[in-house]
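# Chain and residue survey
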Amino acid sequence: MVQHPSPPLADRLPFRTKLAYGAGDLGTAITANVLIFFLLFFFTEVAGLPPGLAAWVLTIGKISDAINDPIIGVMSDRTQSRLGRRYPWMLAGAIPFGVFFFLLWIVPQFSADPATNQWLLFAYYVTIGILFHLAYTTVNLPYTALTPELTQDYNERTNLNSFRFAFSIGGSILSVLLVIAISAVTPDDLQYRYLIIGGVCAVIAVLPIFWCFFGTKERGLRSLNNATTAMPTTPFFDQVKIAFSNRPFLFVIGIYLCSWLAVQVTASILKFFVVSCLFMSDQVSNVVILAVQGTALIMLFVWSAVSERIGKQAVYFIGMSLWLIAQVGLFFLQPGQMGLMYGLAIMAGFGVSTAYLIPWSLLPDVIELDELNTGQRREGIFYAFMVLLQKIGLAAGLWVVGQALEWSGYIGGAPEQSETAQWAIRMAIAPLPALCLLGGIVLTYFYPITREVHAALLLQLAERRKTREE
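No experiment lies behind these values; they were computed from the predicted model shown. (Residues numbered from 1 in each chain as written. Predicted model: local features only at pLDDT ≥ 70, side-chain atom pairs only at ≥ 80, totals over all residues. Heavy atoms only, no water.)

## Topic: the overall build of the chain
- Within the chain, the secondary structure is distributed over 17 helices and zero strands.
- Across the 470 residues of the chain, 58% fall into the buried class.
- For the chain, long-range pairs separated by at least 24 residues make up 83% of all intrachain contacts whose partners lie at least 6 apart in sequence.
- Summing over all exposed atoms, the chain offers an accessible surface of approximately 19400 Å²; the carbon and sulfur share of this is 68%. (Helix = DSSP H or I, 4+ residues; strand = E, 2+ residues; numbered from the N terminus. Buried < 20%, exposed > 50% of the residue type's maximum accessible area, 1.4 Å probe, protein only. Contact = heavy atoms within 4.5 Å. Areas by Shrake-Rupley, 256 points an atom, 1.4 Å probe, with all protein chains shown as cover.)

Next up, the structure:
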């Protein structure tokens, strides 16, 4: 087996730099996890919005979020400043990111008339949601595009992303623990509870962005000055055409979509499954979430080390196969089988960690192939369209789940659900994610940039840069 070359000692990232880079994903992970699990409940049960209007708030926010990605991606690629291309955006968006997240969790009183107040609340949450997603993208997209600017080494990138997703999963775990703790001390006042949750999470979300900036800027700016970073001169839609003509990029998009559809569909239906099909408490569902995410956190570092020996594709195959077994097991799980449920949750965590780690580790390789083919570096456009298509795919997948629950006759808040509704939940917890996992495995098998191919690609880039210097 051909070993991928190790980076020279001088080019290896210090631990403190990796730690600071990883911290940059903590705040966005906390806010994203809280929104996924609690925002719809807040809108309907605390703010008093009808489910239909609440769903439209979430949909409009997601659409605006998707539109923001390619725009900010291109603009960050073209930014010129003494702080480079990415850092100015992160710094500008940090405080608005926290402020708008907090504003999502207040319930203003606009009118004494209930109907008027309801529509004004709807307009308020739509506006704040759009502004929050804009601030989120302003921080998060340039942050994700920092990876290839911090290191060009194949294995170092995988290791760097393991730090990033350690903080990401850690943030998800922390958010659940915070909600549990705050709920324990505010058992009766839901409006006050979510106000505290919003405020605490907002502060915790903003601070790590500055840690990331101060902890990585020396290395990031030095690497940027030494790299070939010619400004894009081609029009936007020509850049998009070039990006999507990059065949490995299409594979990475597919792998990422399949992985995250499985993650998000499972996460969205898990509480329904535990409560309505297994007849266990909502608190048990939170423990299941912690079991999955805790295992994934530990396994990130294990898989990162293993990938240096056997490659990213092999790690993905192993992790997804274990997760696939767990998903099938959930379909047949019956009430009372609590030990087996936790065992399957831990097994799923082995695969969830690879869904975090591998797709983002593959993307910088695609960017370098594009640089070899075009002579330009367009990290922002690749990262933006990867996230854009992910959001579109996830929105479609979650829409299917929601519609399936509605068509099956699921009744929110009912102590017991019909057999049809329970069957729909079981289909969403197992067969649908399993199909996504199988799709990711197939795409990874055919992904063309192996470790050996990437090593040859780097040699060609180095030769080109050497020729230009001469």
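Read on, since the account is not over.
## Considering the environment of Phe 97
- Tracing the backbone shows Phe 97 in helix α4 (residues 87–103).
- Given a relative accessible area of 1%, Phe 97 falls into the buried group.
- Apart from the residues lying within four places of it in its own chain, the contact partners of Phe 97 are Gly 27, Thr 28, Thr 31, Phe 132, Ala 135, Tyr 136, Val 139, Ala 205, Val 206 and Ile 209.

## Section: the packing of α4 against helix α5 (residues 114–144)
- Close contact between α4 and α5 brings their axes to 8 Å; oriented N to C, the two are set at 150 degrees. One element, α4, and the other, α5, form an angle in the roughly antiparallel class. Every pair of crossing elements has a handedness; the one defined by α4 and α5 is left-handed. When α4 is examined against α5, the residues Trp 89, Met 90, Gly 93, Ala 94, Pro 96, Phe 97, Phe 100, Phe 101 and Leu 103 are found in contact with a partner set consisting of Tyr 124, Ile 128, Leu 131, Phe 132, Ala 135, Tyr 136, Thr 138, Val 139, Pro 142 and Tyr 143.
- Grouping the amino acids of the contact of α4 with α5 by side-chain chemistry returns 17 nonpolar, two polar and no charged. (Axes fitted to C-alpha atoms, helices over the stretch in contact; angles between N-to-C directions. Parallel < 35°, antiparallel > 145°, perpendicular 65-115°, else oblique. Left-handed = near helix turned anticlockwise from the far one by under 90°. Nonpolar A, V, L, I, M, F, W, Y, C, P; charged D, E, K, R; others polar.)

## A closer look at the side chain of Thr 138
- Relative to the helices and strands, Thr 138 resides in helix α5.
- We classify Thr 138 as buried; its relative accessible area is 11%.
- Excluding residues that lie within four positions of it along the chain, Thr 138 makes contacts with Ile 72, Trp 89, Met 90 and Gly 93.

## Observations concerning the pattern of salt bridges
- Applying the stated criterion across every chain yields a total of two salt bridges.
- In this structure, the salt-bridge partner of Asp 25 is Arg 164, at a minimum N-O distance of 3.4 Å. Of the two residues, Asp 25 sits in the loop between α1 (15–23) and α2 (26–46) while Arg 164 sits in helix α7 (residues 154–185), which places them 139 residues apart along the sequence.
- Here Asp 25 falls in the buried class, since its relative accessible area comes to 5%.
- Of the charged contacts in the structure, one is a salt bridge between Lys 312 and Asp 365, with a shortest N-O distance of 3.3 Å. With Lys 312 in helix α12 (residues 312–332) and Asp 365 in helix α13 (residues 338–374), this residue pair connects regions lying 53 residues apart in the sequence. No difference in accessibility class separates Lys 312 from Asp 365, as the two residues are buried. (Salt bridge = Lys/Arg side-chain N within 4 Å of Asp/Glu carboxyl O.)

## Here we look at the state of the cysteines
- Enumeration over the complete set of coordinates arrives at zero disulfides.
- Here Cys 436 stays free of any disulfide, with the sulfur of Cys 258 as its closest cysteine sulfur at 6.0 Å.
- For Cys 436, a relative accessible area of 11% translates into the label buried. (Disulfide = S-S within 2.5 Å.)

## Here we look at the nonpolar core
- One finds Trp 105 and Leu 363 to be the most contacted residues of the largest nonpolar core, which totals 141 residues.
- For this core, the element with the highest residue contribution is helix α10 (residues 247–277), accounting for 17 residues.
- For Trp 105, the residues in contact, after removing those within four places along its chain, are Val 34, Leu 35, Phe 38, Leu 39, Phe 42, Tyr 194, Leu 195 and Gly 198. (Core = buried A, V, L, I, M, F, W, Y, C linked by side-chain atoms within 4.5 Å.)

## Focus: the confidence of the model for the chain
- Of all residues in the chain, 89% attain a pLDDT of 70 or more, and the chain-wide mean is 81.
- Confidence, expressed as mean pLDDT per element, reaches its minimum in the chain at helix α9 (residues 236–244) with 70 and its maximum at α4 with 93.
- Under a pLDDT of 50 for its full length, residues 227–232 has, in the predicted model, 17 contacts with residues more than four places off or in other chains. (pLDDT = per-residue confidence, 0-100.)

## Considering α4
- Between its first and last C-alpha, α4 extends 25 Å over 17 residues, near the 24 Å set by a 1.5 Å rise per residue.
- Of all bends in α4, the biggest is about 35 degrees, found at Gly 93, and the proline Pro 96 comes one to four residues later.
- Looking only at α4, the buried set comprises Tyr 87, Trp 89, Met 90, Gly 93, Ala 94, Phe 97, Gly 98, Phe 100 and Phe 101. (Expected span 1.5 Å × (residues − 1). Bend = angle between axes of the 7 residues up to and from the residue.)

## Things to note about the environment of Ser 168
- Checked against the element boundaries, Ser 168 lands in helix α7.
- Given the relative accessible area of 8%, Ser 168 is considered buried.
- Residues Ser 168 and Asp 25, 143 residues apart in the sequence, show an inter-C-alpha distance of 5.4 Å.

## Some points on unusual backbone geometry
- In this model, Phe 279 sits at a positive phi of 55 degrees, which is unusual for a non-glycine residue.
- One can find Phe 279 in the loop between α10 and α11 (282–310).
- Note on Phe 279: relative accessible area 49%, which makes it partly exposed.

## Re the packing of aromatic side chains
- Enumeration according to the criterion identifies 26 aromatic pairs in this entry.
- Aromatic side chains Trp 119 and Phe 122 sit 5.8 Å apart centroid to centroid with 85 degrees between the ring planes, which places their arrangement in the edge-to-face category. One end of the pair is Trp 119 and the other is Phe 122, both in helix α5 and three residues apart, which spans about a single turn.
- Taking the relative accessible area as the measure of exposure, Trp 119 reaches 52% and is therefore exposed.
- When its relative accessible area of 16% is taken as the criterion, Phe 122 is described as buried.
- Here the aromatic residues Phe 42, Phe 43, Phe 97, Phe 101, Trp 105, Phe 110, Tyr 124, Tyr 125, Phe 132, Tyr 136 and Tyr 194 are joined through ring pairs into a cluster of three or more. (Phe/Tyr/Trp six-rings, centres within 6.5 Å; stacked < 30°, edge-to-face > 60°.)

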